[in-house]
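Now for the letters of each chain:
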Amino acid sequence: MPRIIAIHEGTIPISSSIANAYIDFGRMDCSIVAIVSDVIRNGRPLTGYGFSSNGRYSAGEIIRRRIAPRLLEADPDSLLTDDGVTFDPVKALPVMTGDEKPGGHGERSVAVGVLDMALHDLAAKIEDKPLYRWLCDRHALGEPDGSVFVYAAGGYYAPGRTLKDLQAEMRRFLGLGYTTVKMKIGGASLREDLRRVEAVLDVVDGAHLAVDANGRFDLATALAYGAALEPYGLAWYEEPGDPLDHALHATLSEQYPGPLATGENLFSLPDARNLLRYAGMRPDRDLIQIDPVLSYGLAEYLRIQAMLQRHGWSARRCIPHGGHQFALHIAAALKLGGNESYPGEFEPTGGFADNATIENGHLRLPDHPGIGLENKAKLHQILQSLHT
Ligand SMILES: O=C([O-])CC(=O)C(=O)O
Ligand SMILES: [Mg+2]
């Protein structure tokens, strides 16, 4: 039966000289982990890799001091599938969150999410299957989607960036094969932001443009932007107010008829449930963007999906925040609405396999065992250096 031999952890920069309406990414970093097993394949121990999505900083201290030791000290059989063949990240979740009080889901949800990613990578590698296939088989999810909708998120604020630069960036996204793009709002005045939005609307139509305020607005500003944006018929209006201000969101959803999107800063099942209970979310048009890696991992995300279904939500209304290969497998297996992508940003963890190509806004699934981070050369080299 497989055993964990060692867990290695590190922090790497994913910094970028860009800003959204709330933060500057000049000092952004993230946690990376390698879980080494005693299963030998091609003369080497099979190893699972994980990293955190952008937006929260490295959770190294919590991984080192609390979460990784719990995995290493657990009864090894308690981490395995019932047949004992491979690791079961669903069983690892209560082990990793043992002795943690409920509520206040902050950086520890990131620490758990990073290790959950590595456990999923390892579990699928042991069974020699790409992760999306492994998930479908182990969770009886039927056939995975053959390709996944991906949209290009960019349009950040940066010193000296002109409207022409913004248009050039969006054209570059379309040239890469994306059909839908997203840009930031809320980091400038409404007047200036409308000039930026209209400049991008010279490149794509409204139905293929989303805007993201990153939680910047108070109610009056969210409503003013909503009224101004409504005629454009945008793909969605994202994170208008503080992620926990559900009353703001509910009021806006009564006024703004187009799709609203939020959830990237909600990190747990109870947080997701409160969103549905109190934020006026409309299952026929709105989007939920909870990021599995930032919110206790895919094991917790499966529980969130079950809760959404009980509330009458389709998985297709979920397009997680994040933009990396793990999210691609999750979207294909769970038949989500798609996946985010930030072409050229948040490297080396962000983005897909080196040879991945987007066609008509969709990405085909890789067939490498596990997540396939081995097909992302620069990242793989960094991950390997954790344990070799
Ligand atoms: O700028 C960010 O923090 C990223 C973000 O909101 C997104 O991907 O939707
Ligand atoms: Mg966002």
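Per an unreviewed UniProt entry, the recorded name for the protein is L-alanine-DL-glutamate epimerase-like enolase superfamily enzyme, and the organism is Nonomuraea endophytica.

**A closer look at the overall build of the protein**
Across its full length, the protein holds 12 helices and 12 strands. Its C-alpha radius of gyration of 20 Å places the protein within 12% of the 21 Å reference for a compact globule of 388 residues. With the principal axes as the frame, the protein shows a C-alpha extent of 60 × 40 × 40 Å. Looking at the protein as a whole, 51% of its 388 residues are labelled buried. Counted over contacts in the protein with a minimum sequence separation of 6, partners at least 24 positions apart contribute 74%.

**Focus: the packing of helix α3 (residues 107–126) against helix α10 (residues 297–310)**
Running from N to C, α3 and α10 cross one another at 95°; their axes reach a closest spacing of 6 Å. One finds that α3 runs roughly perpendicular with respect to α10. Residues Val 112, Gly 113, Asp 116, Met 117 and His 120 of α3 pack against Gly 297, Leu 298 and Ala 299 of α10. A breakdown of the residues in the contact of α3 with α10 according to their chemical character gives 4 nonpolar, 3 polar and 1 charged.

**Describing unusual backbone geometry**
The omega angle of the peptide bond from Glu 347 to Pro 348 is 10°, so this bond is cis rather than trans. For Pro 348, the location among the structural elements is in the loop between β10 (339–341) and β11 (358–359). The phi angle at Asp 128 is positive, at roughly 55°, despite the residue not being glycine. Within the fold, Asp 128 resides in the loop between α3 and α4 (131–138). Its identity as a non-glycine residue notwithstanding, Lys 335 has a phi of 55°, on the positive side. Here Lys 335 is to be found in the loop between α11 (325–334) and β10.

**So, the UniProt feature "binding site: Mg(2+)" (unreviewed entry) in the protein**
With numbering aligned to this structure, UniProt lists the feature "binding site: Mg(2+)" (unreviewed entry) at Asp 212, Glu 238 and Glu 264. These annotated residues cover 53 residues of sequence, and their C-alpha atoms lie no more than 11.2 Å from one another, placing them together at a single site. Turning to its location among the elements, Asp 212 is positioned in strand β6 (residues 209–212). Among all residues touching Asp 212, those that are not within four sequence positions of it are Lys 182, Lys 184, Ile 185, Glu 238 and Glu 239. Topologically, Glu 264 is positioned in the loop between β8 (260–262) and α9 (269–278). What makes Glu 264 buried here is the crowd of 24 C-beta atoms within 10 Å. Apart from residues no more than four positions distant in its own chain, Glu 264 is found in contact with Gly 55, Glu 239, Gln 289, Ile 290, Asp 291 and His 321.

**Comments concerning the packing of helix α2 (residues 89–96) against α10**
The contact between α2 and α10 brings their axes to 8 Å, and the two run at 105°. The angle between α2 and α10 places the two elements in the roughly perpendicular class. Residue-level inspection shows Pro 89, Val 90, Ala 92 and Leu 93 of α2 in contact with α10, the latter providing Gly 297, Leu 298, Ala 299, Glu 300 and Leu 302. Of the residues that constitute the contact of α2 with α10, the class distribution is 7 nonpolar, 1 polar and 1 charged.

**Side note on the nonpolar core**
Grouped together as the largest cluster of nonpolar side chains are 112 residues, with contacts concentrated most on Val 33, Ile 35, Ile 63, Val 114, Leu 115, Ala 118 and Val 181. No other element matches α3, which puts 12 residues into this core. Three or more residues apiece are contributed to this core by two domains, here domain 1 (4–128) and domain 2 (147–384). If near-sequence neighbours (up to four positions away) are discounted, Val 114 is found in contact with Ser 31, Val 33, Gly 50, Phe 51, Ser 52, Ala 59, Ile 63 and Val 293.

Conventions we followed
Residues numbered from 1 in each chain as written. Chains lettered and ligands numbered in written order. Predicted model: local features only at pLDDT ≥ 70, side-chain atom pairs only at ≥ 80, totals over all residues. Helix = DSSP H or I, 4+ residues; strand = E, 2+ residues; numbered from the N terminus. Rg over C-alpha atoms; globule rule 2.2 N^0.38 Å. Buried ≥ 20, exposed ≤ 12 C-beta atoms within 10 Å, placed from the backbone. Contact = placed C-beta atoms within 7 Å. Axes fitted to C-alpha atoms, helices over the stretch in contact; angles between N-to-C directions. Parallel < 35°, antiparallel > 145°, perpendicular 65-115°, else oblique. Nonpolar A, V, L, I, M, F, W, Y, C, P; charged D, E, K, R; others polar. UniProt positions renumbered as here; feature names shortened; annotations may be inferred. Core = buried A, V, L, I, M, F, W, Y, C linked by C-beta atoms within 7 Å. Domains from an automatic or database assignment.

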